[in-house]
Amino acid sequence: MPLNAPLLAAVAPAPLPIRLLGRLVDWAVIAIGAAMASLVFFNVSLHLFNKDLAWVTELGELLMVWVTFLGGACAAQRGVHMSITEFIDKLPPARRRWADAAVLTACLWILLILVRYGWSLVNSNWDNQLTVLEWPMAVQYMGMAVGCTLMALFVAFDLWQTLAGVPRERRYAAEA
């Protein structure tokens with residue numbers, strides 16, 4: 001990567017609140033990733049002295065859940081989730097738009113189901129505790145609920161743009 005390259009990948013034009021939320025998610029993923037790397041390095045270094053901190057392992061697991069789902073939201077805002085497009089790429093632009101809309105609608109429905117059950121898990125696990133940290137288990141489950149909520153928001157915005165006729169090249173800055 002060149003020295004003058006931006007740290008974060010480009011995203012397509014979006015209203016200011018969506019852009020700001022996207023950047024917040026991007027930086028949260030970077031911060032959590034840095035924290036995880038530091039914690040694991042610290043704990044591995046302690047192994048040289050036959051020491052181990054159990055809370056580091058449990059916190060690492062909790063952070064892994066958060067970074068996984070927030071990373072999914074980062075991917076959703078850029079339209080970079082894995083997809084197989086051999087069929088859909090052969091469609092003329094008008095049909096491609098409707099095929100994209102159908103796929104986005106299906107993804108949005110699945111995400112909304114995950115949001116519903118994710119927040120249900122959070123609400124029902126405030127009394128359960130993580131073994132070592134003794135934090136509410138809801139904090140760990142909240143990573144999935146927050147991440148899926150953000151993914152749903154980004155996918156809904158993409159669906160709205162698709163239905164408004166914004167071409168794929170303008171919706172995904174990485175492809176432009």
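Note that the coordinates shown come from a computational prediction; the quantities given were computed from them, not determined experimentally. (Residues numbered from 1 in each chain as written. Predicted model: local features only at pLDDT ≥ 70, side-chain atom pairs only at ≥ 80, totals over all residues. Heavy atoms only, no water.)

> Quick question: what am I supposed to make of the nonpolar core here?
Side chains of nonpolar character tend, in soluble globular proteins, to be buried together. Counting 36 residues, the largest nonpolar core has Ile32 and Leu63 as the members making the most contacts within it. Of all the elements in the fold, those that place two or more residues in this core are α1 (16–47), α2 (54–78), α3 (93–124) and α4 (137–163). Ranked by residue count, the leading element in this core is α4, at 12 residues. Setting aside its immediate chain neighbours within four residues, isoleucine 32 contacts Leu63, Trp66, Val67 and Leu70. (Core = buried A, V, L, I, M, F, W, Y, C linked by side-chain atoms within 4.5 Å. Buried < 20%, exposed > 50% of the residue type's maximum accessible area, 1.4 Å probe, protein only. Helix = DSSP H or I, 4+ residues; strand = E, 2+ residues; numbered from the N terminus. Contact = heavy atoms within 4.5 Å.)

> Is there a simple way to think about unusual backbone geometry in this case?
Comment: phi is negative for the bulk of residues other than glycine, and the bulk of peptide bonds are trans. Backbone geometry places asparagine 50, a non-glycine residue, at a positive phi of 55 degrees. Positive phi outside glycine occurs at glutamate 134, with the angle close to 60 degrees. Mapped onto the fold, glutamate 134 is located in the loop between α3 and α4. The exposure class assigned to glutamate 134 is exposed, which follows from its relative accessible area of 53%.

> Any chance you could explain the layout of surface pockets here in plain terms?
Empty space among the atoms can be located by rolling a probe the size of a water molecule over them. Counted as a void, the largest pocket has a volume near 540 Å³. Elements supplying a minimum of two residues to the lining of the largest pocket: α2, α3, α4 and α5 (168–171). For the lining of the largest pocket, the element with the most residues is α3, which contributes seven residues. Of the residues belonging to the lining of the largest pocket, the class tally is 14 nonpolar, four polar and six charged. Space inside the second largest pocket adds up to approximately 180 Å³. In terms of lining residues, the second largest pocket is bounded by Leu91, Pro93, Arg96, Arg97, Asp100, Gly165, Val166, Pro167, Arg168, Glu169 and Arg171. Listed by contribution, the elements that provide at least two residues to the lining of the second largest pocket are α3 and α5. (1 Å grid on protein atoms, 1.4 Å probe; cavity = no way out; pocket = protein on both sides within 12 Å on 5 of 7 lines; lining within 4 Å. Points joined across faces, edges and corners; volume = space filled by probe spheres on them. Nonpolar A, V, L, I, M, F, W, Y, C, P; charged D, E, K, R; others polar.)

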